[in-house]
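# Residue-level structural notes
Chain residues, written in single-letter form:
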Amino acid sequence: MAVSTRALPLVTRMALTARRAGIWPVMMGLIALFVALPVLTVMVQLFTPAGEVWSHLASTVLPRYLVNTVGLAVGVGIGVLLIGVGTAWLVVMCRFPGQRIFEWALLLPLAVPTYVIAYAYTDFLQFAGPLQTLLRDVFGWGAGDYWFPPVRSLGGAIALLTLVLYPYVYLLTRAAFLEQSVCVLEVGRTLGRGPWRLFGTVAVPLARPAIAGGTALALMETLNEFGAVQFFAVDTFTTGIYRTWFGLGERTAAAQLAGVLLVFVLLLLLLERVSRGRSQYFHTSSRYRELPRYELLGAKRWLALGACALPVLLGFLVPAALLLQMTLTGGDQRFGWPFVGYVFNSVSLAGIAALAAVGLAVVLSYGVRLSQSPIAVAAVRVSAMGYAIPGAVIAVGILIPLGWVDQRLYRLLSGEWGWEVGLILTGTGIALVYAYLVRFLAVAYNAVQASLTKVTPSMDAASRTLGKTPGGTLRQVHAPIMRGSLLAAGILVFVDVMKELPATIILRPFDFTTLAVRSYELASDERLSQSSTAALAIVVVGVLPVILLSRAMQRSRPGQSGRN
Amino acid sequence: MLKPKRLSLGLTATGLLLAASVAGAQSLNLYTARHYDSDQALYDAFEAQTGIEVNILQGGADQLIERIEREGAASPADVLMTVDAGLLNRAERAGVFASVDSSTLQQRIPAALRHPNDLWFGFSERVRVVYYDKRVYDTPPLARYEALAETRFNDEVCIRSSSNIYNQSMVASMIAAHGVPQTQAWASGLVENMARTPQGGDTDQIRAVAAGECSLGVGNHYYWVRLALSDDPADQAIAEQVGLIFPNQAGRGAHRNIGGAGMVANAPNPEAAKAFLEFLASNEAQQQFSAGNNEFPAVAGVEPIDALARWMDKKLDDLNVSVLGDNNADAVRLMDRVGWR
């Protein structure tokens, strides 16, 4: 069968697939192409000769970029796994003081943009900052009399990026733990597994797609990071891309560096896939009861409390307090009505983008499930690559095809019909939402995909046998099971869009300012205390949906939906 | 005063997903990398004077250049405004600018501060100075940029990353004065003298000098002025403790750069663009434009803010600032080679 279909022309094969699965795979292909276009635009640059600039880079800065990038990725990877998976297990499976608060509080650092935590902490901890100044005043030390960990360093970057990126792992892993059927865990217990071994041999392996998904998000965010690593004075591959592009004026070489970064990310994802092998992760039981929690006693209680409190304290409370303090002493002179406008712009953009991203993610992951073809999987992978490309590069990848279409539309409209409407796509909300889809579809897709993977195909089969269409199956069978994950996906995108900066700056319409843009304008002019107001507003606005998310997820656990 | 803002807020929101068509008879579309709140007063004055409304898109210079390129013939951009001649040169090489034939601009803007073919014009001047710790040195410890590489200043110098255009342009001016090999030797010595990994912005260098992390710093003059004029007594104390050196007074003069603008090649409103550039060269606008960032006015005879008056006799490098852009790539590569991050 496989051989015979493969011999058929592509179109016939697509038609066959279409008949089996309805229009889903076709829609999926179109969406994937649409979203992958900017990424492909960047990749095409890989095949243009860039000349001798490569030998200059290789002999001067490239080794440092590589070492720093690998060091940062490994450090943040380990950090987010430890904090994310560990705290998720604690709050789901154990009972200790504050456990119910930490369930949602652990998500709070998600609302803090990397560049914001970077500048709050570097300003506070550097030599000329308030803390070291205080220490010098109190103890009468001078420069060089004492050792203080340098915050602007690779170590500082790893620590602080970990603190705001671990929630990606926490969120998806916790959802996975919650969705795990209690049967599996009880079988584990009956077979004599203690809590540690149950965690290591049952729960974590079962949650592996979610853990991998969350870690991949955190790592991609790390790799495309620009603003924060600049603050930490760490040169990574992404810094190199900017410098090669704008400093050396070598656009092709810069795009090629971006391409290399992409290949690196693809390899990472592939590695995870390969190591997972042929194992599959379905829940075959629908028996969900209240999870039996471990009651922690004695010192363990306080250890658990501390392990959960520390990330929240350092990743959210301290930076928020630092921002608040800066806002109160300095602050933005435009605070007032203009700010309401910035908030409105940020929120409406983020809301629209979140809805669109979740919608597309469902179509994509469902299309993959229905068609099962490697081509489909590859198409989706490429379309989700936008997350790993630095924002400014993806923005240019968007401007190129968008500008191309726009120019033609412009000529058509003004030439044929005399409509002088200017550019329809570039510099409008359309371009922005498109950019956010390209950047953040991966976030929504990973969450939706991880959740869909766990629905056993036998449910699909049953539903289809009973005469439901694929769409009907999605609505009536999958959607209720996936509700929590869909919400999680939407809110992740929402918060990411709130924080997004480089693509927003270059693609936005005239006189259109968001909170992130306002914060950047002042920070780039070295007015940190003034920019703190907008930064704080991003955090405050982002916290609400994050708390909402957490509450909704709590309720959405199958078997608990009737209890509220 | 605030009412129209509230209205426009709602309009912006509803218009978000619609085409932003801003091409019209009485408007000027300004792409600017300057983001000083005080600039708004300047645009209001222009509108009051000419009836031309100013639409603004702020962003990083490189991104704005890229956007204008991609928008091509249909770009709504009339004027691109940015700081640093290196960036203006980048825009010029990307074919963003068209020459403006204006006797007003030619007369008022000094030749060294505009493009030889009038593709762009400088409207304000900034000077890259050396900061020093007055507690360590009773008198200015050096008189030339070249001295920053002398071994007596080992581990004494704070300066930001070479990714920053201000440093790139400063090195570009060194290349113009000494050529690449000699400048590279100088940069190598400077890297040896650095007290710490280059980090932060120019203000951070001033703070580091005041805190005693290093005794010398390099940065633009206006960051110091901003601290000196700050409402915060702590900032004033920092400025008080840090001295400023305008280097190379006995030679070519201190390295200066500009904030400038030019007309975009496909400007839909070329007349408005020209009017706007000429307006920026008027005495009134000059004062406001330069005061917005504590810079020196480009037009001779226009008084700067009081805080700058004491430096009006300083000698500034007469090199045409367009050379800074020409030497930019050489400068970046040179800094790569000596390990200046």
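From a predicted model like this one, the values you see are computed outputs, not experimental measurements. (Residues numbered from 1 in each chain as written. Chains lettered and ligands numbered in written order. Predicted model: local features only at pLDDT ≥ 70, side-chain atom pairs only at ≥ 80, totals over all residues.)

Counting secondary structure elements, chain B contains 14 helices and ten strands. The C-alpha atoms of chain B give a radius of gyration of 21 Å, which matches the 20 Å a tight globule of 341 residues would have. By the burial criterion, 55% of the 341 residues in chain B qualify as buried. (Helix = DSSP H or I, 4+ residues; strand = E, 2+ residues; numbered from the N terminus. Rg over C-alpha atoms; globule rule 2.2 N^0.38 Å. Buried ≥ 20, exposed ≤ 12 C-beta atoms within 10 Å, placed from the backbone.)

Summing up its helical and strand segments, chain A has 25 helices and two strands in all. Looking at chain A as a whole, 52% of its 564 residues qualify as buried. In chain A, once contacts between residues fewer than 6 apart in sequence are set aside, the share between residues at least 24 apart is 85%. (Contact = placed C-beta atoms within 7 Å.)

Residue and element names in this part refer to chain B. Of all eleven residues in helix α3 (residues 61-71), ten are buried; the element is thus mostly enclosed. Listed as buried for α3 are Ala61, Asp62, Gln63, Leu64, Ile65, Glu66, Arg67, Ile68, Arg70 and Glu71. Note on α3: the residue one or two positions beyond its end, Gly72, has a positive phi of about 55°.

Residues and elements named next belong to chain B. At a minimum axis distance of 7 Å, the contact between helix α9 (residues 221-228) and helix α10 (residues 233-241) shows a crossing angle of 130°. Overall, the two elements α9 and α10 adopt an arrangement that is oblique. Of the residues in α10, those in contact with Trp224, Leu227 and Ala228 of α9 are Asp235, Gln236, Ile238 and Ala239. Of the residues contributing to the contact of α9 with α10, the split by class is five nonpolar, one polar and one charged. (Axes fitted to C-alpha atoms, helices over the stretch in contact; angles between N-to-C directions. Parallel < 35°, antiparallel > 145°, perpendicular 65-115°, else oblique. Nonpolar A, V, L, I, M, F, W, Y, C, P; charged D, E, K, R; others polar.)

With that settled, consider the domain arrangement of chain B. Residue and element names in this part refer to chain B. Splitting chain B by domain gives domain 1 (27-125 + 257-304) and domain 2 (126-254 + 324-337). Computed from C-alpha atoms alone, the centre-to-centre distance between domain 1 and domain 2 is 28 Å. Contacts between the two partners involve 13 residues from domain 1, matched on the other side by 14 residues from domain 2. Broken down by secondary-structure element, the contributors of at least two residues to the side of domain 1 that touches domain 2 are α4 (85-93) and β5 (121-133). No other element matches the six residues that α4 contributes to the side of domain 1 that touches domain 2. Across the side of domain 1 that touches domain 2, the residue classes break down as three nonpolar, six polar and four charged. (Domains from an automatic or database assignment.)

Residue and element names in this part refer to chain A. Here helix α12 (residues 208-223) crosses helix α20 (residues 429-453) at 175°, and the two axes come no closer than 9 Å. When the axis of α12 is compared with that of α20, the two are roughly antiparallel. On the side of α12, the interface is formed by Pro209, Ala210, Gly213, Ala216 and Leu217, while α20 contributes Val443, Asn446, Ala450 and Thr453. When the residues that make up the contact of α12 with α20 are grouped by side-chain class, the tally is six nonpolar, three polar and no charged.

Turning to the interface of chain B and chain A, a few remarks are in order. Across the boundary between the two partners, chain B contributes 54 residues, which contact 53 residues of chain A. Put simply, the parts of the chain that give the side of chain B that touches chain A at least two residues each are α1 (3-14), β2 (53-58), α3, α8 (202-211) and α14 (328-337) of chain B.

Turning next to the pairing of strand β3 (residues 79-83) of chain B. Residue and element names in this part refer to chain B. Of all five residues in β3, five are buried; the element is thus mostly enclosed. Along β3, one buried face is formed by Val79, Met81 and Val83 and the opposite face, lined by Leu80 and Thr82, is buried too. Strand direction decides the pairing type here: strand β1 (residues 27-32) and β3, joined by three bridges, are parallel. By the bridge assignment for β3, Tyr31 is matched with Leu80. Note that β3 and strand β9 (residues 256-264) share five bridges and pair antiparallel. Looking at the pairing, Thr82 lines up with Gly260 of β9. (Pairing = 2+ DSSP bridges.)

Residue and element names in this part refer to chain A. Topologically, Leu355 is positioned in helix α17 (residues 337-371). A residue is classified by how many C-beta atoms lie within 10 Å of it, and Leu355, with 14 of them, is partly exposed. Sequence separation of Leu355 and Ile491 is 136 residues, and the distance between their C-alpha atoms is 9.2 Å.

Residue and element names in this part refer to chain B. Buried residues dominate β5, accounting for 13 of its 13 residues. As judged from the six bridges shared by β5 and β9, these two strands associate in the antiparallel manner. Counted as the bridge partner of Arg126 is Asn257 from β9. Note: β5 against strand β10 (residues 296-297), two bridges, orientation antiparallel. By the bridge assignment, Glu125 is partnered in β10 with Phe296. As paired strands, β5 and strand β7 (residues 216-220) are joined by five bridges and run antiparallel to one another. When the sheet's bridge partners are listed, Val129 is paired in β7 with Gly219. Pairing between β5 and strand β8 (residues 242-245): four bridges, direction antiparallel. In the strand pairing of β8, Tyr131 is matched with Leu244.

Glancing now at helix α16 (residues 299-329) of chain A. Of all the bends in α16(A), the greatest, near 45°, is centred on Leu313(A). Those residues of α16(A) not exposed but buried are Ala304(A), Cys308(A), Pro311(A), Val312(A), Gly315(A), Phe316(A), Pro319(A), Ala320(A), Leu322(A), Leu323(A), Met326(A) and Thr327(A). (Bend = angle between axes of the 7 residues up to and from the residue.)

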